[in-house]
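# Architecture at a glance
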Amino acid sequence: MFKSLLCVQAYCKKIIQARYFWMHLAWADIRAKYRRSFLGPLWSMLQPLTMTLLLAFVMSSLFGANMLEYSLFIFSGIIFWDYMVSSSVAGCNAFIQAEGYIKQMTQPLLIYTLRHSLSGMIHLLIGFCGLVLMALIVKPENFGWSWLSMLIGFFLLLFIAWPLATITAFTGTKFRDFSYLIALGMQAIWYISPIFLEPSLFHRANIAFLVEYNPIYHLLELFRAPILHGEMASIENYAYVVGSFVFLWIFAIWMTIKGERELIFYF
Amino acid sequence: MTNARIHLKNVDLKYKQYGYREVSVKSYVLKRLHLKQPHMVHDVHALKDINLDITSGQRVALLGHNGAGKSTLLKTIAGLYPVAQGERIVHGDIRSLFELTLGFEMEATGRENILYRSLLLGLTPTQSKDLEPPIIDFAGLGEFIDYPIKTYSAGMLVRLAFAISTAVKGDILLLDEVIGAGDTYFMEKAKKRIESLITHAKIMVLATHDLNTVGQLCNRALVLKQGEILFDGDPAQAVDFYKELAQRPSGI
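Keep in mind that what you see is a predicted model, and the values were worked out from it rather than measured. (Residues numbered from 1 in each chain as written. Chains lettered and ligands numbered in written order. Predicted model: local features only at pLDDT ≥ 70, side-chain atom pairs only at ≥ 80, totals over all residues.)

Residues and elements named next belong to chain B. A sheet is described by the order of its strands in space; here three strands give the open sequence β2-β1-β4, paired in antiparallel fashion. Looking at the sheet topology across the chains shown, the edges are occupied by β2 (44–55) and β4 (85–91). This sheet shows a mean twist of 20° between the axes of neighbouring strands, independent of strand direction. Summarising the sheet, strand β1 (residues 5–15) and β2 pair through eight bridges and their orientation is antiparallel. What sits directly across from V11, in β2, is I50. The sheet strands contacting helix α2 (residues 70–78) are β1, β2 and β4, and the helix crosses β2 at an angle near 60°. (Pairing = 2+ DSSP bridges. Helix = DSSP H or I, 4+ residues; strand = E, 2+ residues; numbered from the N terminus. Axes fitted to C-alpha atoms, helices over the stretch in contact; angles between N-to-C directions. Contact = placed C-beta atoms within 7 Å.)

Written out as structure tokens, the structure is:
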């Protein structure tokens, strides 16, 4: 037990030593994404915003809700959900994309999944700026100290996306069609979670368990509680998120211990 | 200052068959349901019972036909492959040159790529800035250093890649047939650079098909065939042994 703790510590040290490298990789991904694009990083805000307005228009017509408030609700879900999706799906190809590096230099493999979680986080932050703007317009009364708690939210979010990307990366390298499965899975979760559908709908339809026991719901609450209600998320929300964090890391560490040394054979 | 050393004892390396037989969720399911007859695919025994001790001051050439195991041995020394059996002990900073264009971003300028590649090699951005002038000088690209490298000719790419890769010194230098590309003028420059690297490095292991450089650059040579070391000793004798081996009909 002690020996494995030392190994984890040594591994973390190697990751920190390689920090200039993975920071560079994350920036390289962002540069590549927006190269020669007219609007560039603005797309990280425009794309979820457009989707939000579309959904809000349809849903508010169907359910008679206030479109502006509903837009804020959807936008505050979409940008974080997009981050989870991109981290998991892009994570599948993280090692495949880094094949050249893996076959020529010894580095801890986790830096290749960290790179995806980081570059996705930067997209998220651009979208988040748009969210803050919208919140200050639609519900300025919610601005307050509770918003500081979102910093914890971002930290937890990054350290949930990272092990998730690691898990999909190890699996996706061994089974090259895994990314399709994940994409499908994420689609399914999108429809059964309170991301663009309000929690009250689930309660009315007697499927409240899809809200209460859904880690996605609790993760989103870390940001929705301050923005939509002007208060910090509840202890229950944090408990679910921290629980997911622990579970994902145990799984990711296990996969790394089992699979890192021999991953090079899968190329 | 630690002494550089490479020690391989009874090392066996196998390429695991699960790495190259068909892997997808579909084929896994079909196999489980016995709907698909799998072709028999085995582990490839790439290195067989390798015993090798390289100490400070030795410059070792690896000779052998294509597929003999030269690149595999280099990568095993570099620690990229896990050994199936045996002992691998390596002391010293490893600098490996396996593929010159590793980490190059085609849309970025030559100057930017110097930074990117340096970060890959483990340098900090400040250290990379210090190395920029000698790299630019060696590559001899003039104003093109500030053009995107996708505008470069093949020769220019090789010059830049080589200049960056050889700018950082290490204790153990592993080279995999990288002295092949480039025009004559560049080849001379490259050889001089390798020679200076060699004098700084404590150990060099070079896989090459260029039998002339073996005598010039190395003081020890190995001949590999099908994963086994058949000869280990003087470079000139090794070259003769290898030439003789090449003349025998294959299979003997």
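Once that is clear, we can look at the nonpolar core. If you look at the biggest cluster of nonpolar residues, it comprises 132 residues, and the most contacted ones within it are V60, L62, L174, V205 and L206 of chain B. Take this core: its biggest share by element is 14 residues, from helix α4 (residues 67–92) of chain A. What V205 of chain B contacts, discounting residues up to four positions off in sequence, is I54, V60, L62, L74, I77 and L174 of chain B. (Core = buried A, V, L, I, M, F, W, Y, C linked by C-beta atoms within 7 Å. Buried ≥ 20, exposed ≤ 12 C-beta atoms within 10 Å, placed from the backbone.)

With that settled, the discussion passes to the sheet that holds strand β7 (residues 203–207) of chain B. All names here are of chain B. Here we have six strands laid out as an open sheet, ordered β5-β6-β7-β3-β8-β9, and mixed in their pairing. Edge positions in the open sheet fall to β5 (94–97) and β9 (228–233), since each of these has one partner strand only. In this sheet, adjacent strand axes meet at a mean angle of 15° when their direction is disregarded. Taken together, the four bridges between β5 and strand β6 (residues 172–176) define a ladder with parallel strand orientation. Bridge pairing links L97 to L175 in β6.

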